[in-house]
Amino acid sequence: MSGFNTLAVHAGQHKDPHTGAVIPPIYQTSTFIQDGINVLRAGHEYSRGSNPTRNGFESQLAALEGGAAGFSFASGIAAEDALLRAVLEPGDHIILGADGYGGTNRLISKLHGKWGITSSAVDITNLDAVRAAVRPNTALLWVETPSNPLLGIADLAGWAAIAAEHGALLVVDNTFATPYLQRPLDFGAHAVVHSTTKYIGGHSDVLGGAVIVADHLHRGQSLAEAVGYQQFAGGAVSGPQDSYLAARGLKTLGLRMERHGATASTLARWLDDQPEVTRVYYPGLERHPGHELAKSQSAAGRGFGGILSLQLSDEAAARAFAQSMEYFQLSVSLGGVESLVCYPREMTHASLIGTPLEIPANLVRLSVGIEEADDLIADLERGLAAARATQPVHKPAVVREKALENA
Ligand SMILES: *Cc1c(COP(=O)(O)O)cnc(C)c1O
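Model, not experiment: these values are computed from the prediction. (Residues numbered from 1 in each chain as written. Predicted model: local features only at pLDDT ≥ 70, side-chain atom pairs only at ≥ 80, totals over all residues. Heavy atoms only, no water.)

What follows deals with the nonpolar core. Counting 48 residues, the largest nonpolar core has Ile95, Leu141, Val143, Trp159 and Leu170 as the members making the most contacts within it. Sort the elements by how many residues they give to this core and helix H6 (residues 156–165) lands first, with five residues. Shared between two domains, this core takes at least three residues from each, and those domains are domain 1 (4–251) and domain 2 (254–388). Setting aside anything within four residues of it in sequence, one finds Leu141 in contact with Ile95, Val130, Trp159, Ile162, Ala163, Ala168, Leu169, Leu170 and Val171. The next biggest cluster of nonpolar side chains, apart from the first, holds 30 residues, and it includes Val280, Tyr282, Tyr343 and Ile377. (Core = buried A, V, L, I, M, F, W, Y, C linked by side-chain atoms within 4.5 Å. Buried < 20%, exposed > 50% of the residue type's maximum accessible area, 1.4 Å probe, protein only. Helix = DSSP H or I, 4+ residues; strand = E, 2+ residues; numbered from the N terminus. Domains from an automatic or database assignment. Contact = heavy atoms within 4.5 Å.)

Structure (structure tokens):
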């Protein structure tokens, strides 16, 4: 079997037989001419059901994750929603990693709660806690690793074993690691979800999501059939332009992840030495509690990804730091070629304020882009200078409207 970067460039990317175009055309069409009633020329009828541009991207992604099939959606949340609808029944219970994407928690509790779906949040690093949370109606375990924003590492084989013991499905949100670093299906997960908005698209110019499934029977139906039917009947598909952009991004994923990881590692070490920084969360640091596990779950030498979080002395310092840099622009989202900084407590994870899962007020998350490391360090120096300036005279925090809850 071909290696990662070869598959990334070629899987699902059929050259155009008519013109010889190296890049498959973008099939910007809603419908396909039939050669007779229900006589389909190339299997395509209507673009909600199938579209060559979207299907090419789905095959490319399935090849990279080592899955039986891939399905592309209009956003990461749309992908998650489709997967949940495809596999759950009213009354089912979900075990959900506590330190995860706030929108997943919101989707399950606010939208699926109405259909009798319940969930329990668990510490993703504690397998005993996961096992203790299993109920007779537990149908699904859902985990993100590395987690967001605390970069905890879950033992994927351990989670898969608990799911298997109870006949439940294991779903892994692989948005942060990407298939370049980690392939959850190889560890026994049944499905992987992505926000392709992040590293897969890679350029902060497209929203998208995906589900990749293993060859697995669930409630008498293959997962591929169940998710495929949900995609067609529910209709939250990605359009041809968005599928094309995501497929184009995916071709350079390996190159970008290497660079993101190398620079993030340099910055994590540098930040770790700064007196204003009280703690750095990055799985590439040897003293990170999940360092060895992250290494063992990842392809050798491919690094630890491009996301890191840090804590400053207090809330004022964290706010000043987050709002004073030039290249690290204050924004939700992550995974693009440009560096971003986020204040998770009030931005991506605002819906958790007042719950046991709320994010500390002195925490800042960085998405490290592909710029030169020296320029990014100079930028972090600006941020730390602004953080220091808050210390002798305490300035009141900037009053803002409740920030957007989504990332
Ligand atoms: C952004 C994100 C999502 C949601 O994806 P959208 O494309 O924004 O809908 C899900 N999981 C993780 C880990 C994310 O970062």
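Scanning all chains against the criterion turns up 16 salt bridges. Put simply, Asp35 and Arg41 hold a salt bridge, and the shortest N to O gap is 2.8 Å. Classification of Asp35 as partly exposed rests on a relative accessible area of 49%. Linking Asp379 and Arg382 is a salt bridge whose minimum nitrogen-to-oxygen distance equals 3.0 Å. With Asp379 and Arg382 both in helix H13 (residues 373–389), this residue pair falls three residues apart, about one helical turn. The class for Asp379 is buried, based on a relative accessible area of 0%. A relative accessible area of 35% places Arg382 in the partly exposed class. (Salt bridge = Lys/Arg side-chain N within 4 Å of Asp/Glu carboxyl O.)

By domain assignment, the protein separates into domain 1 (4–251) and domain 2 (254–388). Once you take the C-alpha centre of each, domain 1 and domain 2 turn out to be 26 Å apart. When the two sides are added together, the surface that domain 1 and domain 2 hide from each other amounts to roughly 2,900 Å², 60% of it contributed by carbon and sulfur. Of all residues in domain 1, Tyr180, Leu181 and Tyr199 give up the largest surface area on contact with domain 2, accounting jointly for 27% of the area buried on that side. (Buried area = accessible area lost by both parts, 1.4 Å probe.)

Here the protein shows a mean pLDDT of 94. Residues at 70 or above account for 96%. Put simply, helix H4 (residues 102–111) is where the protein has its lowest mean pLDDT, 93, and strand S9 (residues 209–213) is where it has its highest, 99. Low pLDDT, under 50, characterises residues 394–407; the predicted model gives this stretch 22 contacts beyond four residues in sequence or across chains. (pLDDT = per-residue confidence, 0-100.)

So, about helix H8 (residues 223–234). With 12 residues, H8 should reach 16 Å at 1.5 Å per residue; the first-to-last C-alpha distance of 16 Å fits that figure. Buried residues of H8: Leu223, Ala226, Val227, Gly228, Gln230 and Gln231, and no others. Where H8 ends, the next residue or the one after it, Gly235, has phi of about 85 degrees, a positive value. (Expected span 1.5 Å × (residues − 1).)

Quick look at the pairing of strand S16 (residues 363–367) now. Counted residue by residue, S16 has five buried out of five residues, so it is predominantly covered. Along S16, one buried face is formed by Leu363, Arg365 and Ser367 and the opposite face, lined by Val364 and Leu366, is buried too. In this structure, strand S13 (residues 307–312) lies alongside S16, joined through five bridges in antiparallel fashion. Bridge pairing in S16 links Leu308 to Leu366. Looking at chain direction, strand S15 (residues 340–342) and S16 are connected through three bridges and run antiparallel. For Leu340, the partnering residue across the bridge sits in S16 and is Ser367. (Pairing = 2+ DSSP bridges.)

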